[in-house]
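Residue strings, one per chain:
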Amino acid sequence: MLLFWRCLLSESEQKQTLAASAKEIQQLLEQLARINPNPTEAEKIEYVHDETTPSFKRRLIAALQASGEAAIEEFLDTRYVIVGKAIVKGWMKPE
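Residues numbered from 1 in each chain as written. Predicted model: local features only at pLDDT ≥ 70, side-chain atom pairs only at ≥ 80, totals over all residues. Heavy atoms only, no water.

What is the right way to look at a negative patch on the surface in this model?
The grouping of E43, E46, D50 and E51 at the surface amounts to a negative patch. Here E43 lies in helix α2 (residues 41-51). A residue is classified by how much of its surface remains accessible, and E43, at 35% relative accessible area, is partly exposed. (Patch = residues over 30% accessible without salt bridge, like charges linked within 9 Å, V, L, I, M, F, W, Y side chains within 5 Å. Areas by Shrake-Rupley, 256 points an atom, 1.4 Å probe, with all protein chains shown as cover. Salt bridge = Lys/Arg side-chain N within 4 Å of Asp/Glu carboxyl O. Lys, Arg positive; Asp, Glu negative; His and termini not counted. Charge placed at Lys NZ, Arg CZ, Asp CG, Glu CD. Helix = DSSP H or I, 4+ residues; strand = E, 2+ residues; numbered from the N terminus. Buried < 20%, exposed > 50% of the residue type's maximum accessible area, 1.4 Å probe, protein only.)

Right, here's the structure in full:
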């Protein structure tokens, strides 16, 4: 029974991490749009990459790996899903 509750907590924590991360990514993309009203996808990816910490990236990647890539779609506005997924996929690739 204890293991069951740990799994639920872990899933809850993953969802909280995804929700908070998606919100931060959206805020960064909105901030970029105020600076540059027509950024390319590459500029969006670079901006979010530059404005986030390695710790943020690791937490988001871990939550997505546990929840599945599609889980981020639940937390991003439709207009940010494609670029959001591209950003995270770039972080998941080994350098």
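Let's pick the thread back up.
When you look at the nonpolar core in this model, what are you seeing that I'm missing?
Counting 22 residues, the largest nonpolar core has I25, V48, L60 and W91 as its most contacted members. Going through the elements one at a time, α1 (2-35), α2, α3 (54-67) and α4 (78-92) are the ones with two or more residues in this core. With residues up to four places along the chain from it excluded, the contact list for L60 reads T17, L18, S21, I25, I72, V88 and W91. (Core = buried A, V, L, I, M, F, W, Y, C linked by side-chain atoms within 4.5 Å. Contact = heavy atoms within 4.5 Å.)

Help me understand the packing of α3 against α4, please; the structure alone is not making it clear to me.
When two helices pack together, their arrangement is given by the angle between the helix axes and by the axis-to-axis distance. At a minimum axis distance of 10 Å, the contact between α3 and α4 shows a crossing angle of 100°. In this view, α3 runs roughly perpendicular relative to α4, as classed from their interaxial angle. Judged by residue contacts, F56, K57, L60, I61, L64 and Q65 of α3 engage V88, W91 and M92 from α4. Of the residues in the contact of α3 with α4, the class split is seven nonpolar, one polar and one charged. (Axes fitted to C-alpha atoms, helices over the stretch in contact; angles between N-to-C directions. Parallel < 35°, antiparallel > 145°, perpendicular 65-115°, else oblique. Nonpolar A, V, L, I, M, F, W, Y, C, P; charged D, E, K, R; others polar.)

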